[in-house]
Amino acid sequence: MFTLVGILSFIQLPQREIPETSPAIAQITTIYPGAGAEQVEQNITNEIETELEQISEISSISSVSSPGISLVSVQLESGVDADPIWNEVRQRVADATARFPDEANAPQVNSELGIQGLATYQVTLDDEEKLEAVNEWIERWNKRLIQLDDITFVQADGTLEKEIVLELDDEALTNYRITTDQVIGVLNGETSALPPGQWQTEAYDYRVELQTYDSLAELETLPVGFSEEDGIITLADVASLRETFKEPSEKVAFNGEEAISLTFYLKEGASVTQAQKSLDRFIEEMRVDIPEGVELSLLYSQADLVSELFKDLGLSFIIAIVSVLLVCSLGLNIPTAFSVALAIPVSLSLGAIIYPFIGIDLNQISLIALIIALGILVDDGIVVNENIERRLQLGEQPLDAAINGTKEVAVSVITSTLTVVFTFLPLLLLPGEAGGFIRPLPAVLVATMIASTVVALFLIPTYRTLQERRNKQSAERKSAGLLWKLFDKAAHIYSARLMLKVSRRPLLTVLIGFALGTAAYALIPFIPLEFFPDTDREEVFVEMKLPEGTSLTETKQQSKEVEQFLTGLDYVESVSTYVGTNIPRLFGASGGGATGNHIANFFVFINSEKITTRDARDTWNQILKEQFPDKRFTASMIESGPPVGAPIAIQVSGQSIDRLTEMADEMKEILSETTGVSNVDDDVGAALETYNVIPNRDELEASGITSADLAQALRLIGEGIPLGQLEIEDQLIDLNVRYAIDQEPTTQLLSEISLPSTRAGAVVLEDVVTVEEVLSQPNIPHQNGVRTVTVRAYPSGERTTDEILNETRDDLQQVVDEAGYTIDIGGEASARTDVFIDIGKIFIVVVFLILIVIAIQFYSLMMPILIMSTVYLAVAGALIGLFITQTGLGFMSMMGAVSLAGIVVRNGIVLIEFIEQRRKEGTDPVEAVIIAAEQRFRPIVLTTLTSIAGLLPVALGNSTLFKPLGIAIVSGLIFSTLLTLFIVPALYLLQAKLRKA
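All figures in this text were calculated on a predicted structure; none of them were measured in a lab.

About the criteria used
Residues numbered from 1 in each chain as written. Predicted model: local features only at pLDDT ≥ 70, side-chain atom pairs only at ≥ 80, totals over all residues. Heavy atoms only, no water. Helix = DSSP H or I, 4+ residues; strand = E, 2+ residues; numbered from the N terminus. Buried < 20%, exposed > 50% of the residue type's maximum accessible area, 1.4 Å probe, protein only. Contact = heavy atoms within 4.5 Å. Areas by Shrake-Rupley, 256 points an atom, 1.4 Å probe, with all protein chains shown as cover. Lys, Arg positive; Asp, Glu negative; His and termini not counted. Charge placed at Lys NZ, Arg CZ, Asp CG, Glu CD. Domains from an automatic or database assignment. Axes fitted to C-alpha atoms, helices over the stretch in contact; angles between N-to-C directions. Parallel < 35°, antiparallel > 145°, perpendicular 65-115°, else oblique. Left-handed = near helix turned anticlockwise from the far one by under 90°. Expected span 1.5 Å × (residues − 1). Pairing = 2+ DSSP bridges. Nonpolar A, V, L, I, M, F, W, Y, C, P; charged D, E, K, R; others polar. pLDDT = per-residue confidence, 0-100. Phe/Tyr/Trp six-rings, centres within 6.5 Å; stacked < 30°, edge-to-face > 60°. Salt bridge = Lys/Arg side-chain N within 4 Å of Asp/Glu carboxyl O. Patch = residues over 30% accessible without salt bridge, like charges linked within 9 Å, V, L, I, M, F, W, Y side chains within 5 Å. Polar contact = N/O pair within 3.5 Å; in protein donor to acceptor, adjacent residues only side chain to side chain. Core = buried A, V, L, I, M, F, W, Y, C linked by side-chain atoms within 4.5 Å.

1. What to know about the overall build of the protein
Logical step 1: When helices and strands are counted, the protein shows 28 helices and 30 strands.
Logical step 2: Seen through its C-alpha atoms, the protein measures out along the principal axes to roughly 130 × 75 × 65 Å.
Logical step 3: For the protein, the proportion of its 997 residues judged to be buried stands at 53%.
Logical step 4: Taking as baseline every contact in the protein between residues at least 6 positions apart, the subset at least 24 positions apart corresponds to 80%.
Logical step 5: Summed over all atoms, the accessible surface of the protein reaches about 45,200 Å², with 54% contributed by carbon and sulfur.
Logical step 6: Averaging the coordinates of the 68 positive side-chain charges in the protein and doing the same for the 134 negative ones gives two points 21 Å apart.

Dropping the structure here:
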């Protein structure tokens with residue numbers, strides 16, 4: 001029954017590419033129209049940071065203050081309950097809002113950055129004039145999105161947004177003596193009218209509604225003034241109204257055609273494959289209603305990748321099962337091998353019962369955990385089976401053999417299982433995104449191993465008893481397995497010859513074994529360092545940056561050249577261009593690339609049969625600079641693990657943003673001249689060309705004009721002033737007021753715009769101000785409230801980040817030689833070091849827990865140290881395997897090393913347990929070692945071979961993420977088993993001699 005429950009639980013698990021995580025990060029966005037970076041910093045960012053610094057659960061606060069916008073990112077400490085903290089963050093931000101300038105918009109707090117994109121579709125048009133029809137089509141279907149249970153929202157990039165523009169006629173305003181404040185005040189009275197509410201009487205509660213203007217024609221009749229000569233002056237007399245579209249803040253193209261990008265996002269806990277099936281039906285319905293001349297095509301779906309991933313890992317799983325059963329049949333008879341085979345689905349099913357309760361779904365991490373478990377969950381079954389078989393060979397009855405055989409190894413089986421559990425359980429404590437990413441691995445392994453132990457100690461003895469009773473017993477029971485003669489012969493040679501030699505020279509054996517193991521650690525400098533390996537996918541990101549201040553239109557025009565170049569490459573399948581916005585969040589918590597009018601992001605699909613992702617990235621980082629020297633490019637690829645940021649990131653902190661910028665420029669020059677560096681940038685950017693308007697205070701005083709009047713006039717010349725929303729034909733549409741100008745805004749317009757004066761009539765703007773062109777700060781970044789500039793560098797592939805940093809570190813540190821300024825050199829190398837330190841701490845905890853378990857079993861402090869020597873040798877074997885294959889030493893290979901700690905000690909525990917049992921029977925140490933060596937040779941070899949067979953498909957497979965883990969475990973098992981068969985008995989003999997002495 002429990003097995004059936006587990007199977008049903010497993011079938012119903014959601015399917016995803018990577019584990020669903022909720023990063024403890026939030027972003028606070030505040031729009032402050034018209035303000036410069038310094039104003040945004042002082043009036044918005046500083047106020048928010050001051051409030052948030054009081055929350056102790058926040059680990060870091062980073063921000064960027066840019067013209068017109070403040071972006072503050074908040075990261076919480078690991079392990080805290082995020083929801084109440086986010087509520088407090090929202091309350092603190094609300095408190096800060098009370099001190100904002102009136103012109104600033106309300107901040108938006110987004111703490112749901114972990115939502116994953118399911119699929120992106122490109123809507124292409126053969127005529128830009130159809131954009132309005134497409135917008136209406138998207139809005140219409142967006143309202144029906146509620147019918148999809150697994151989709152939370154759709155993000156549309158490249159759409160147009162309606163607005164109502166009121167264009168003021170400056171000459172008419174002057175003639176009618178109407179000020180812009182009058183017009184704005186009247187309009188505010190319409191857009192901000194208080195809802196009348198209701199009138200309550202004793203008999204009935206009446207709703208009261210105030211009729212407003214519901215068309216532009218009616219709004220034009222709105223009175224804005226009165227004069228004796230002209231009577232009532234209406235809005236139409238001094239301005240014109242029109243419904244249009246806002247200036248686009250983003251542009252999208254697909255293979256050179258104008259496009260709109262639709263990205264559908266998954267709800268929390270949704271299954272990718274099920275969600276895509278529902279979305280496919282929804283998309284087909286949309287196609288029926290699509291405007292003529294418009295095409296809707298799928299760009300990317302996570303479901304395709306998940307299906308392919310599950311197919312590959314499923315094949316590895318089947319190969320692993322067949323390999324394990326084949327290995328078992330070599331040393332076990334058919335009925336015994338069948339009982340071991342039965343333990344596989346039963347153990348996996350029992351372990352799956354708890355998956356829904358601990359938030360585990362089916363993803364590549366949980367699947368690889370099942371494959372690892374497959375190789376070691378049969379170990380307990382093999383040990384129990386083999387010992388029952390040994391008892392049967394001694395002539396015991398089936399029931400007695402099952403009871404005595406199981407009882408004899410029960411303690412060692414439970415102990416060895418506890419060592420595996422204590423090996424993986426601390427991995428749940430690994431902090432940060434890396435910990436969330438790997439969390440399903442220990443959870444699945446712990447649950448499966450506990451289930452396998454229950455099966456081995458109860459189900460297998462029961463099965464063997466029933467099976468043996470049905471079979472007729474021969475007078476002489478032969479050894480089991482297809483290769484029983486080979487196993488028996490090898491066991492005899494091992495115990496009678498090799499162990500005899502080891503017993504004569506145990507110290508020499510130990511020294512030789514540990515010398516070989518220690519020599520392997522000398523290979524570490526020759527093993528490549530790689531935090532997470534490259535992916536073998538088909539997507540490449542390219543970020544193009546133009547000088548700060550470049551308009552969206554100009555960026556769009558220049559992006560076409562790059563788009564044509566990329567499309568012309570024979571190995572490029574498609575190019576999607578996102579101008580002014582980033583690539584949708586399909587592959588992580590953030591989309592690909594930065595945002596800004598001067599930035600274009602290219603989402604490129606390549607033919608992986610013609611070029612690898614890494615080669616494409618490295619090639620483009622080089623040739624794009626040569627092909628387009630006036631632009632800056634950064635090509636990147638999807639990381640196979642959680643993102644760690646730029647490979648090299650140097651932070652310099654201090655008070656003066658100008659001095660920080662100078663230091664950053666010096667650092668960029670040092671890195672740019674270093675061999676192996678392809679791109680260098682920072683988060684400040686180039687200075688912006690700015691019109692600095694200087695008021696003539698005497699003239700202002702004489703005319704009675706204030707600085708607020710000047711600022712308002714300058715806003716009306718440029719981007720205009722937003723005045724809320726108007727309800728037109730059941731639609732709420734933004735209203736924007738600006739001067740009626742039929743040319744691009746320049747300083748010449750100051751001679752054409754006049755302001756009414758209470759003392760001197762109309763005053764031309766040119767007469768009261770002076771304009772000079774200056775450079776202003778584009779961005780002011782902060783780190784934990786301190787101005788901090790980050791310089792980022794990207795290697796070209798010729799050299800590693802460590803090599804580059806080792807060469808430049810001294811020069812970089814010399815740049816920051818002033819009091820009050822600090823430097824922090826980080827990036828991928830720093831993140832890798834931090835994670836390795838965390839893994840190292842966990843490894844120490846693992847070793848300590850295993851020592852305690854073994855000490856309790858053997859009532860000895862010497863035995864744990866003796867058995868743990870296998871871990872030292874296993875890690876040495878893992879290093880040898882990584883060196884031979886030149887596989888990167890990184891996060892997954894470290895996970896393999898931690899996993900080895902629990903796997904390899906099992907053999908040592910079983911071997912020492914049998915030696916101790918013989919000693920209790922009165923056998924001397926040498927004879928006990930020889931007897932135990934012969935009796936335990938078969939199960940030790942079989943359990944090792946099954947573990948290797950289970951993981952061999954991973955070690956030899958195509959998964960770039962899990963190959964290092966497979967190679968580390970397989971090579972560690974081979975090396976440690978070969979040495980354990982000799983080192984552990986030799987160590988036991990040495991400690992026996994020492995105890996006797």
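2. Quick notes on the domain arrangement of the protein
Logical step 1: Domain assignment breaks the protein into domain 1 (24-113), domain 2 (179-237 + 688-776), domain 3 (332-472) and domain 4 (483-533 + 828-996).
Logical step 2: Taking only C-alpha atoms into account, the centre of domain 1 sits 30 Å from that of domain 2.

3. Structural notes on the packing of helix 13 (residues 398-424) against helix 26 (residues 891-920)
Logical step 1: Between helix 13 and helix 26, whose axes approach to 9 Å, the crossing angle comes to 160°. On the basis of their axis angle, the class for helix 13 and helix 26 is roughly antiparallel. Crossing angle aside, the handedness with which helix 13 passes helix 26 is right-handed. Residue-level inspection shows Glu408, Val409, Val411, Ser412, Thr415, Ser416, Thr417, Thr419, Val420, Thr423 and Phe424 of helix 13 in contact with helix 26, the latter providing Val898, Ser899, Ala901, Gly902, Val905, Arg906, Ile909, Val910, Glu913, Phe914, Gln917 and Arg918.

4. Quick word on the environment of Glu389
Logical step 1: The residue Glu389 is located in helix 12 (residues 364-393) in this model.
Logical step 2: On the basis of relative accessibility, which here comes to 7%, the residue Glu389 falls in the buried class.
Logical step 3: With 13 residues separating them in the primary sequence, Glu389 and Ala402 have C-alpha atoms 8.6 Å apart.

5. Describing helix 9 (residues 272-288)
Logical step 1: Compared with an ideal rise of 1.5 Å per residue, which puts 17 residues at 24 Å, helix 9 spans 25 Å between its outermost C-alpha atoms and is within 8% of the ideal.
Logical step 2: Along helix 9, the residues that are buried comprise Val272, Thr273, Ala275, Gln276, Leu279, Phe282, Ile283 and Met286.

6. Comments concerning the sheet that holds strand 7 (residues 162-168)
Logical step 1: The mixed open sheet is built from four strands, whose spatial order is 12-7-24-23. Looking along the sheet, the strands with just one partner apiece sit at the ends: strand 12 (239-245) and strand 23 (721-728). Direction aside, neighbouring strands of the sheet carry axes that sit 30° apart on average.
Logical step 2: As defined by bridge partners, strand 7 adjoins strand 12 across seven bridges and the pair is classed as antiparallel. Paired with Ile164 across the strands is Glu243, a residue of strand 12.
Logical step 3: Those strands touched by helix 6 (residues 180-191) are strand 7, strand 23 and strand 24 (731-739), and its axis lies near 40° from that of strand 23.

7. Re the packing of helix 6 against helix 22 (residues 707-717)
Logical step 1: Helix 22 packs onto helix 6 with a crossing angle of 75° between their chain directions and a minimal axis gap of 11 Å. Here helix 6 lies roughly perpendicular to helix 22, going by the angle between them. Note on element contacts: helix 22 touches helix 6 through Asp709, Gln712 and Leu716, opposite Thr180, Asp181 and Ile184.
Logical step 2: Of the residues in the contact of helix 6 with helix 22, the class split is two nonpolar, two polar and two charged.

8. Focus: the pairing of strand 2 (residues 58-66)
Logical step 1: Here eight bridges tie strand 2 to strand 3 (residues 69-76), and the two strands are oriented antiparallel to one another. Bridge pairing in strand 3 links Ile58 to Leu76.
Logical step 2: By the bridge criterion, four bridges tie strand 2 to strand 28 (residues 780-783) in an arrangement that is antiparallel. Directly across from Ser65, in strand 28, lies its bridge partner Ile780.

9. Considering the environment of Ala686
Logical step 1: Relative to the elements of secondary structure, Ala686 occurs in the loop between strand 21 (677-682) and strand 22 (688-695).
Logical step 2: In this structure Ala686 comes out as partly exposed when scored by relative accessible area, which is 42%.
Logical step 3: Sequence separation of Ala686 and Leu546 is 140 residues, and the distance between their C-alpha atoms is 9.8 Å.
Logical step 4: Not counting chain neighbours up to four residues away, the residues in contact with Ala686 comprise Glu548 and Pro778.

10. Concerning the confidence of the model for the protein
Logical step 1: Across the protein, the average pLDDT comes to 83, with 96% of residues at 70 or higher.
Logical step 2: Taken element by element, the predicted model of the protein shows its lowest mean pLDDT in helix 10 (residues 302-331) (75) and its highest in helix 2 (residues 37-52) (93).

11. Comments concerning the packing of aromatic side chains
Logical step 1: For the structure shown, the criterion picks out eleven aromatic pairs.
Logical step 2: Here Tyr121 and Phe264 contribute two aromatic rings whose centre-to-centre distance is 5.9 Å and whose plane-to-plane angle is 85°, an arrangement assigned as edge-to-face. Remark: Phe264 occurs in strand 14 (residues 257-266) and Tyr121 occurs in strand 5 (residues 117-125); sequence separation between them is 143 residues. Each member of the pair Tyr121 and Phe264 is classed as buried.
Logical step 3: Three or more aromatic residues joined by ring pairs form one cluster here, namely Phe514, Tyr521 and Tyr872.

12. A few points about the pattern of salt bridges
Logical step 1: Applying the stated criterion to the full structure yields 29 salt bridges.
Logical step 2: We note a salt bridge from Arg144 to Glu285, for which the minimum N-O separation is 3.4 Å. Remark: Glu285 occurs in helix 9 and Arg144 occurs in the loop between helix 4 (131-142) and strand 6 (151-157); sequence separation between them is 141 residues.
Logical step 3: Judged by its relative accessible area of 36%, Arg144 is partly exposed.
Logical step 4: Look at Glu285 and you get partly exposed, because its relative accessible area is 33%.

13. Considerations on a negative patch on the surface
Logical step 1: A cluster of acidic residues, Asp280, Asp304, Glu308, Asp312, Asp536, Glu538, Glu573 and Glu609, forms a negative patch on the protein surface.
Logical step 2: Looking at where Glu609 falls in the secondary structure, it is placed in the loop between strand 18 (599-606) and helix 19 (613-627).
Logical step 3: For Glu609, a relative accessible area of 77% corresponds to the exposed category.

14. What to know about a nonpolar patch on the surface
Logical step 1: Together, Leu4, Ile7, Leu8 and Ile11 make up an exposed nonpolar region whose accessible area comes to about 380 Å².
Logical step 2: Note on placement: Leu4 falls in helix 1 (residues 2-11).

15. Quick word on the side chain of Glu250
Logical step 1: Along the chain, Glu250 falls in the loop between strand 12 and strand 13 (251-254).
Logical step 2: Buried charge Glu250 goes without a salt bridge, the closest partner of opposite sign being Lys251 at 10 Å.
Logical step 3: Among the polar contacts listed, one links the side chain of Glu250 to the backbone nitrogen of Gly158, at a separation of 3.0 Å.
Logical step 4: In this view, Glu250 contacts Ala156, Asp157, Gly158, Thr159, Leu552, Val579, Gly580 and Thr581; residues no more than four positions away in its chain are not counted.

16. Here we look at unusual backbone geometry
Logical step 1: Despite not being glycine, Arg177 shows a phi value in the positive range, around 55°.
Logical step 2: The residue Arg177 is located in the loop between helix 5 (170-176) and helix 6 in this model.
Logical step 3: The phi dihedral of Asn784 is positive, around 55°, even though this residue is not glycine.
Logical step 4: Mapped onto the secondary structure, Asn784 falls in the loop between strand 28 and strand 29 (786-795).

17. Quick look at the nonpolar core
Logical step 1: By size, the foremost hydrophobic cluster in this structure holds 163 residues, and its most contacted members are Leu262, Phe264, Leu279, Phe891 and Ile912.
Logical step 2: Among the elements that make up this core, the one with the highest residue count is helix 12 (17 residues).
Logical step 3: Built from parts of two domains, this core gets at least three residues from each of domain 3 (332-472) and domain 4 (483-533 + 828-996).

18. Description of a positive patch on the surface
Logical step 1: On the surface, a cluster of positive charge is made up of Lys489, Arg497, Lys501, Arg504 and Arg505.
Logical step 2: Counting through the fold element by element, Lys489 comes out in helix 16 (residues 484-504).

19. Let's talk about the side chain of Glu916
Logical step 1: In this fold, Glu916 is placed in helix 26.
Logical step 2: Each residue touching Glu916, except ones within four places of it in the same chain, is listed here: Phe858, Met863 and Tyr988.

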